[in-house]
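Breakdown of the fold
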Amino acid sequence: MGTVVIVGGGTGGAPAARSLRRKLGPEHRVIIIEKEKMPANLAVLPLYAVGKKGRRQVFRNRSLLKRHGVELIAGQVQKIDPAQKKVYTGQEEIGYDLLLIAAGAELDRSRPLGMAGAGFDLQSFAGVDEMRAALPHFQGTEIAIVVASTNIKCPGAPYEYALLLENWFYRQGRSRDISITVYTPEKAPLIMFGEKTSGAIAGLLLKRNIRVHPEAHVRLVDPGKKMIFLENDSFPYDMLLYYAAAAPPPFIRDSGLGGEEGWLKTDRHTMALQGMEDIYAVGDVTQVATPSGEALPKLGGVAHLQSFVAAANMAGLLKGENPGRAYSGFAA
Ligand SMILES: Cc1cc2nc3c(=O)[nH]c(=O)nc-3n(C[C@H](O)[C@H](O)[C@H](O)COP(=O)(O)OP(=O)(O)OC[C@H]3O[C@@H](n4cnc5c(N)ncnc54)[C@H](O)[C@@H]3O)c2cc1C
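A quick note: this is a predicted structure, and the numbers were derived from the prediction, not measured. (Residues numbered from 1 in each chain as written. Predicted model: local features only at pLDDT ≥ 70, side-chain atom pairs only at ≥ 80, totals over all residues.)

1. A look at the overall build of the chain
Condition: Counting from the N terminus, the helices are DSSP H or I runs at least four residues long and the strands are E runs at least two residues long. Computation of the radius of gyration draws on C-alpha atoms alone. For the globule rule, the value is 2.2 Å times the number of residues to the power 0.38. Burial is judged by counting the other C-beta atoms within 10 Å of a residue's own C-beta: 20 or more makes it buried, 12 or fewer makes it exposed, and any count in between marks it as partly exposed, with every C-beta position built from the backbone. Contact between two residues is assigned whenever their backbone-derived C-beta positions fall within 7 Å.
Broken down by element type, the chain carries 9 helices and 18 strands. For a compact globule of 332 residues, the expected C-alpha radius of gyration is about 20 Å, and the chain comes in at 21 Å, within 12% of that figure. Dimensions of the chain, computed from C-alpha atoms along their principal axes, come out at roughly 65 × 40 × 35 Å. Buried positions account for 41% of the 332 residues belonging to the chain. Of the contacts formed within the chain by residues at least 6 apart in sequence, a portion of 67% connects residues at least 24 apart.

2. Comments concerning helix H7 (residues 195-207)
Threshold: Expected helix span is given by 1.5 Å per residue-to-residue step, counting one fewer step than there are residues.
Spanning 13 residues, H7 covers 18 Å between terminal C-alpha atoms, matching the ideal 18 Å at 1.5 Å per step. In the stretch just after H7, Asn209 is the one whose phi turns positive, near 60°.

3. Brief notes about the site of the ligand
Put simply, the rule is: In this analysis, residues qualify as near a molecule or strand once their C-beta atom, positioned from backbone atoms, comes within 6 Å of it. Note on residue categories: nonpolar means Ala, Val, Leu, Ile, Met, Phe, Trp, Tyr, Cys or Pro, charged means Asp, Glu, Lys or Arg, and polar means any other residue, Gly included. Where each domain begins and ends is defined by an automated method or by a domain database.
Every one of the 36 residues lining the ligand counts as a neighbour, but Gly8, Gly10, Gly12, Gly104 and Gly283 are closest to it. Within the residue set of the shell around the ligand, elements represented by two or more residues are strand S2 (29-34), helix H2 (45-49) and helix H9 (300-318). A per-element tally of the shell around the ligand places H9 first, with 3 residues. Residue composition of the shell around the ligand, by class: 18 nonpolar, 12 polar and 6 charged. Mapped onto the domain boundaries, the shell around the ligand takes at least three residues apiece from domain 1 (3-105 + 248-318) and domain 2 (109-246).

4. Re the pairing of strand S1 (residues 3-7)
The criterion, for reference: Two strands are said to pair when DSSP picks up at least two bridges between them. Every crossover in which the path from the first strand over the helix to the second runs clockwise, viewed with the strands pointing away from the viewer, is termed right-handed.
A large share of S1 lies buried, amounting to 4 of its 5 residues. Strand direction decides the pairing type here: S1 and S2, joined by 5 bridges, are parallel. For Ile6, the partnering residue across the bridge sits in S2 and is Ile32. As for the winding sense of the linkage, the β-α-β connection from S1 through helix H1 (residues 13-23) to S2 is right-handed. The sheet contact formed by S1 and strand S7 (residues 98-101) spans 4 bridges and is parallel. Counted as the bridge partner of Val5 is Leu99 from S7.

5. Some words on the sheet that holds strand S5 (residues 86-89)
Formally: Think of each axis as a best-fit line through the C-alpha atoms, taken over the contacting stretch in the case of a helix, with angles from 0 to 180 degrees between the N-to-C directions.
The antiparallel open sheet is built from 3 strands, whose spatial order is S4-S5-S6. Edge positions in the sheet fall to strand S4 (77-81) and strand S6 (93-95), since each of these pairs with one other strand and no more. Between one strand axis and the next, the sheet turns through 20° on average, direction left out of account. Strand direction decides the pairing type here: S5 and S6, joined by 3 bridges, are antiparallel. By the bridge assignment, Val87 is partnered in S6 with Ile94.

6. Re the domain arrangement of the chain
According to the domain assignment, the chain consists of domain 1 (3-105 + 248-318) and domain 2 (109-246). For domain 1 versus domain 2, the separation of C-alpha centres amounts to 30 Å. Each partner contributes residues to the interface: domain 1 has 15 residues there, and domain 2 has 16 residues. It is H2 that provides the largest number of residues to the side of domain 1 that touches domain 2, a total of 4 residues. Here the residues of the side of domain 1 that touches domain 2 sort into 11 nonpolar, 1 polar and 3 charged.

Structure representation (structure tokens):
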């Protein structure tokens with residue numbers, strides 16, 4: 001009998017739990033520790049912003065996992081002790097034989113200075129909900145989408161928001177009066193996916209009169225003056241939408257598990273943590289280097305596919321087999 005503990009019941013953690021449950025007999029336990037009662041499906045937020053999805057489609061009901069025989073513990077993991085094979089929440093300690101960390105990424109809203117207090121957060125339900133309510137009353141012309149870093153969750157989402165917003169104003173008969181600009185540190189939109197993809201998205205944005213300010217390293221946002229300050233330039237805005245940098249969850253560093261930057265480094269094939277046989281990790285919390293040296297983007301599609309690889313390898317270990325399943329690098 002073995003116990004698998006999964007930290008996080010989001011895009012990577014929940015399918016891993018279901019997959020493990022299917023592969024393992026009832027003598028084994030599969031436990032998810034999740035801090036949110038109803039975790040949000042972030043990929044739905046852009047559609048929620050423009051009224052194409054409702055609140056009920058944003059939130060995931062994790063209690064359904066119990067039907068699959070997955071045990072749910074409500075709590076926030078504070079620390080992992082790999083030597084003792086224990087996970088600590090504020091309230092309890094849970095022992096494991098195998099651990100899967102699928103805790104996603106947090107957000108660093110502290111940079112650029114002034115950004116968080118100046119506008120709407122495109123990565124939280126609260127921020128997007130407020131923006132959705134504000135849109136019909138918007139009297140200005142300039143909408144700025146500030147992307148804080150190239151290390152963000154779903155690099156395509158800021159452009160998805162821009163396109164959906166332009167369409168929303170078009171449907172209101174107001175698109176001629178509205179100017180949308182994406183300020184991004186990227187050299188060109190989605191250049192990390194190659195010239196072809198970047199060219200295609202740039203063409204689409206141009207067609208819809210959405211401006212992109214590439215290599216924009218925003219230093220400061222001044223909500224009083226409604227100005228965005230770059231190194232050598234400044235721009236006015238009427239409504240600011242921001243997309244904060246991804247940050248590793250602090251419990252990773254507190255547990256002595258992260259690399260230099262605090263992300264988990266896994267074997268890019270098996271999803272086992274480098275140097276560990278009993279800890280696996282998937283999704284946004286990982287930093288997986290591709291053969292070209294680039295890090296895999298933080299995408300739900302990646303987390304989802306990695307979860308099946310980790311689950312197969314962990315189930316194999318509990319059955320006394322070698323972890324032989326490999327992640328192909330496919331991302332959607
Ligand atoms: C606006 C937006 C749009 C997106 N659109 C897309 C898209 O169209 N396609 C796509 O592929 N990806 C998209 N993504 C990215 C996608 O949402 C993430 O890549 C994906 O959710 C990562 O899965 P994960 O399991 O690693 O993390 P998550 O899905 O974030 O799950 C992590 C879970 O762990 C829990 N948790 C965190 N810390 C703890 C702790 N200490 N203790 C207990 N529980 C904890 C969290 O509450 C959460 O439920 C989008 C992201 C955003 C922000």
